[in-house]
Amino acid sequence: MRLSGTPGAPGIAVAAAWRYAPPTAGAAAVAGDISTRERLEAAADEAVAQLDALAAGLRAAGLDEEAGILEAQGLMATDPALLGEAMRTAELSGDPAAAIRAAGEAAAGILAAVDDPIVAARAADVRDVAERMARILSGTVVRPPDEPSVVLAEDVPASLLAELPRHLLAGLALEGGTATAHCAILARAMGIPAVVGVRGLLAAAEHARQVAIDGARGELVLDPDESETAAVEARRAEAAARDRAAAALRGCAGATADGRAVRLVANIGGPADVPRALAAGAEGVGLFRTEFLFLGRSRAPSEEEQLAAYRGVLEAFGPGRPVVIRLADIGGDKALPYLDLAPEQNPFLGVRAIRLAYSSRELLLTQLRAISRAGAAAGVTPHVMAPMIATLADVDLFDGLRAEAQASLEAHGLAASPALVWGIMVEVPAAVFLATELARRVGFFSIGTNDLTQYLLAADRTNPALAHLHDALQPAVLRAVAQVVAAADAAGIEVAVCGELAGDPAGALVLAGLGVDELSADAGSLDSVRLTLSRVTSAEIETLAGRALAATDAARVRALAGELLERDATPAR
Ligand code: PEP
Ligand code: MG
């Protein structure tokens, strides 16, 4: 039986089925004479010790970011609010395991309701850590599978994934979950093929013995027959050959087969992402989403803190690999409680990004000062980019902020970068129509296809019910890109794309064909984009772009790009 869901982590495997269900409330472990409070505290300490040991294992394997997820869970285990809530319930019920589960569930419910995918993703972590403490309290252990298996579950705690012996984890298929949940992030980092959001999975797989999983396609086959197994094996051999070819190209600059350069750079959220980006052969950073430095804390990072973060990234990439630092894109789905912004009916259409300059000017000035000082300290010229530019007045505003930040550094005798390369994001439709005038004012454009698609199609990017409108290969979006490229070419400035489309091989072909100079994507996508480009000529992608512009729906554009991608697939060996 064939099932499909959302791609969670690429990779192909055929292995035994292993159903995982979270242990239900186990028998309360022997209480002895210690109080409920002491038992909960001891369980929290034990959970921290276990998580720290797991994190150390991940760090030793070079998975720093993933280790950070488990260390953050360790902090949650000792959170006084979580423990306090569990203690109150446990004192009444006498069942600390059930109490910590309930407290975890309540805390997760609050986080999940926050309109911010990053905060909401933490809900799974709180559940995970509460579940671990409940297991410790009730003496329940999860018995791992005894042969390499595809884990089938409603959801899997990220820490459990880190705990199961790696050689037994052939794949992961979840009925729930999303591609941005921590277990999917961990699966990607550990190289475990994963498919998430597979509706009806658990009912369909009740008696399944074998599973073939294709993470990149978001597909699985339960109890595959001979021909289905052979087809999956052939795809696996093809993917392995592709991975080898991509690895051989790492370190080369992005270019088509006939040598047209397309710079391949990384999107990062902070200094912790730098090692992965460098290891992936990024030729710089096309988008440093600095708002992540401001999220999940009770006050804005100081100028000194920001200076250290920006300087670290600039130094790591050095003068030959430009780093584009984006001013904090706060607002929309990334709210900051400490900014005290008025509640809005439509936050994506509200006081977001550069518009913060009206109410929180000092926040952006501090950031610009930190960036300029970081450039001076690192001895490189920082590239700074303003998000959500909609009018020429916004450019004036950005220009004024830059000048004021530089003047204030001079007034205080602080070393400032002598020059900043400054550019803007083109992600609001108004900027597309003003591209000619905007291009004469700024140093570069970077097209944010995520927001440009949301705003052109009037489809909230966080609403899964509108998934069919979120594909940035919509011809309307591509025609906007073509218009922006033409305006940039006329003014002699470069155009990058830093939305998700840049990391999608089909998108990369079309965008490069439209004349985009730089593609900025998650480090994990760079290998595959580099390889894809290396196998086509500039004439082929220009023809593809012309046909894509004439198409009338995204599916047709994908099919056209698919013809080139399939043609260049490495034959199975
Ligand atoms: C975009 O909108 O495409 C973009 C890259 O910015 P963000 O996803 O951070 O809004
Ligand atoms: Mg955006």
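The model shown is predicted, which means the values in this text are computed figures rather than measured ones.

Colleague: Can you break down the overall build of the chain residue by residue, with the values?
Modeller: Scanning the chain from N- to C-terminus turns up 22 helices and 16 strands. Rg of the C-alpha trace for the chain: 25 Å, near the compact-globule value of 25 Å for 573 residues, within the 12% margin. Dimensions of the chain, computed from the C-alpha atoms along their principal axes, are close to 75 × 65 × 40 Å. Taken across its 573 residues, the chain has 51% of its residues classed as buried. Partitioning the contacts of the chain with sequence separation of at least 6, the portion at a separation of at least 24 is 68%. Of the roughly 23700 Å² of accessible surface on the chain, a fraction of 56% belongs to carbon and sulfur atoms. When the 49 basic and 73 acidic side-chain charges of the chain are each reduced to a single mean position, those positions are 3 Å apart.

Colleague: So what about the layout of surface pockets? Which residues, and what values?
Modeller: Taking a probe equal in size to a water molecule and rolling it over the atoms shows the remaining empty space. In this structure, the second largest pocket spans a volume of roughly 360 Å³. Looking at the lining of the second largest pocket, the elements that each hand over two or more residues are α4 (96-112), α5 (117-138) and α7 (182-190). When residues of the lining of the second largest pocket are assigned to their parent elements, the largest contribution, 6 residues, is made by α5. For the lining of the second largest pocket, the residue count by class is 9 nonpolar, 3 polar and 8 charged.

Colleague: Can you lay out the pattern of salt bridges for me, pointing to particular residues and giving the numbers?
Modeller: Considering all chains together, one arrives at 33 salt bridges under this definition. Here the salt bridges share partners, and the residues they tie into one network are Arg2, Asp214, Arg217, Glu219, Glu228 and Arg235.

Colleague: If you had to explain the sheet that holds strand β16 (residues 518-521) to someone new, which residues and values would you point to?
Modeller: Sheet architecture is closed into a barrel: 8 strands sit in the order β9-β10-β11-β12-β13-β14-β15-β16, paired in parallel fashion. Taken pair by pair, the neighbouring strands of this sheet meet at an average axis angle of 25°, ignoring direction. Pairing analysis gives 2 bridges linking strand β15 (residues 494-497) to β16, with the strands arranged parallel. Across the sheet, residue Ala496 finds its bridge partner in β16, namely Glu518. Along the sheet, helix α18 (residues 475-491) makes contact with β13 (421-426), β14 (444-447) and β15, crossing β14 at roughly 170°. Those strands touched by helix α20 (residues 523-534) are β9 (263-268) and β16, and its axis lies near 165° from that of β9.

Colleague: Explain the site of ligand 1 to me, using residue names and the numbers behind them.
Modeller: Surrounding ligand 1, one finds 15 residues, the nearest of these being Arg289, Arg326, Gly448, Asn450 and Arg461. Measuring from an oxygen atom of ligand 1, one finds a side-chain N or O atom of Arg352 at 3.3 Å. Protein chains bury 99% of the 290 Å² of accessible surface belonging to ligand 1 in isolation. Assessed atom by atom at 2 Å from the grid points, ligand 1 resides in the largest cavity. Elements that contribute at least two residues to the shell around ligand 1 include exactly β10 (285-289) and α17 (449-456). Class assignment for the residues of the shell around ligand 1 results in 3 nonpolar, 4 polar and 8 charged.

Colleague: Pulling in residues and values, what's your account of the side chain of Asp273?
Modeller: Relative to the elements of secondary structure, Asp273 occurs in the loop between β9 and α10 (274-279). Although buried, Asp273 forms no salt bridge, and the nearest oppositely charged side chain, Arg276, lies 5.3 Å from it. Not counting chain neighbours up to four residues away, the residues in contact with Asp273 comprise Glu65 and Ile268.

Colleague: I'd like a description of helix α3 (residues 80-93), backed by residues and values.
Modeller: The first and last C-alpha atoms of α3 sit 20 Å apart over 14 residues, in line with the 20 Å expected at 1.5 Å per residue. When α3 is considered as a whole, its buried residues turn out to be Leu82, Leu83, Gly84, Ala86, Met87 and Ala90. One or two steps after α3, the chain reaches Gly94, where phi turns positive at roughly 75°.

Colleague: Would you mind going over the nonpolar core in detail, with residue names and values included?
Modeller: By size, the foremost hydrophobic cluster in this structure holds 99 residues, and its most contacted members are Tyr310, Phe398, Phe445, Val510 and Leu519. Discounting chain neighbours no more than four positions away, the residues touching Tyr310 are Phe288, Thr290, Leu293, Phe294, Ile325, Gln367, Ala370, Ile371 and Ala374. Of all hydrophobic cores here, the second largest spans 49 residues; its members include Tyr20, Val126, Leu161 and Ala194.

Cut-off values and rules
Residues numbered from 1 in each chain as written. Chains lettered and ligands numbered in written order. Predicted model: local features only at pLDDT ≥ 70, side-chain atom pairs only at ≥ 80, totals over all residues. Heavy atoms only, no water. Helix = DSSP H or I, 4+ residues; strand = E, 2+ residues; numbered from the N terminus. Rg over C-alpha atoms; globule rule 2.2 N^0.38 Å. Buried < 20%, exposed > 50% of the residue type's maximum accessible area, 1.4 Å probe, protein only. Contact = heavy atoms within 4.5 Å. Areas by Shrake-Rupley, 256 points an atom, 1.4 Å probe, with all protein chains shown as cover. Lys, Arg positive; Asp, Glu negative; His and termini not counted. Charge placed at Lys NZ, Arg CZ, Asp CG, Glu CD. 1 Å grid on protein atoms, 1.4 Å probe; cavity = no way out; pocket = protein on both sides within 12 Å on 5 of 7 lines; lining within 4 Å. Points joined across faces, edges and corners; volume = space filled by probe spheres on them. Nonpolar A, V, L, I, M, F, W, Y, C, P; charged D, E, K, R; others polar. Salt bridge = Lys/Arg side-chain N within 4 Å of Asp/Glu carboxyl O. Pairing = 2+ DSSP bridges. Axes fitted to C-alpha atoms, helices over the stretch in contact; angles between N-to-C directions. Near = heavy atom within 4 Å. Polar contact = N/O pair within 3.5 Å; in protein donor to acceptor, adjacent residues only side chain to side chain. Sits in = over half its atoms within 2 Å of the grid points. Expected span 1.5 Å × (residues − 1). Core = buried A, V, L, I, M, F, W, Y, C linked by side-chain atoms within 4.5 Å.

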